[in-house]
Amino acid sequence: MGDEKVKAEALQIIGAFQVLPRLVVFDLDYTLWPFYCECRSKREMPSLYPHAKGIVHALKDKGIDMAIASRSPTADIAETFINKLSIKSMFVAQEIFSSRTDKTDHFQRIHSRTGVPFNSMLFFDDENRNIQAVSKKGVTSILVGNGVNLGALREGLTKFSENWNTVEKNKQKWTKFCQNPESSDKKE
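Residues numbered from 1 in each chain as written. Predicted model: local features only at pLDDT ≥ 70, side-chain atom pairs only at ≥ 80, totals over all residues. Heavy atoms only, no water.

If you look the protein up in an unreviewed UniProt entry, it shows as Magnesium-dependent phosphatase 1 from Castanea mollissima.

Next up, the structure:
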């Protein structure tokens, strides 16, 4: 499936949802592209997973900001590849640095840079430990097995919508509870 066909299908998927994330964050290695940066040379021409470019362009067309969170020990190679693939301008934030733990520091920096609340973010990664840690911050997180693809996009937007609706229902219940005129402070 070509980039334009993937983009068209991604736009259809995105259009099916009333609630969308304000920021979609991607890992790089084995999420946007099928390799580890540290195993490659800057001289090589990298490639993305087959659906990745179309999905990124669809999100951009819909006005959804994107960022990168990568635990790469070779940030220079990652940045070179992002430039070679002509996708650098697609991302409002790039947090690419080595970390021994998970990606919570990456997300704290992305949040500080963009001002987007964690519960307004959608994240794609191939490592379960990153998914678990970032989910605890309130980010809707999707584990990808074979890179980001249209199925993962649909899954992510579905889960984001479900999470958002749960939060909104809880806010409504709390507001109703706080405004209850039957308060025990009422004098008789």
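(A) Structural context of helix α3 (residues 75-84). Every buried residue belonging to α3 is among I77, A78, F81 and I82, and all of these are buried. Angular distribution of buried residues about the axis of α3 spans 140°; they occupy a single face of the element. On the buried face of α3, the contacting elements are β2 (65-70) and β3 (93-96). Phi for S86, located one or two positions after α3, is positive at around 55°. (Buried < 20%, exposed > 50% of the residue type's maximum accessible area, 1.4 Å probe, protein only. Helix = DSSP H or I, 4+ residues; strand = E, 2+ residues; numbered from the N terminus. Arc of directions from axis to C-beta. Contact = heavy atoms within 4.5 Å.)

(B) Quick peek at the packing of aromatic side chains. If you walk through the whole model with that rule in mind, you get seven aromatic pairs. Taking the centre distance of 5.2 Å and the plane angle of 5° together, the rings of W33 and F35 count as stacked. Measuring from ring centre to ring centre gives 4.8 Å for F107 and F123, while their planes differ by 75°; the resulting arrangement is edge-to-face. A residue pair is termed long-range when its members are at least 10 positions apart, and F107 in helix α4 (residues 104-114) and F123 in strand β4 (residues 121-125) qualify at 16 residues. Each member of the pair, F107 as well as F123, is classed as buried. (Phe/Tyr/Trp six-rings, centres within 6.5 Å; stacked < 30°, edge-to-face > 60°.)

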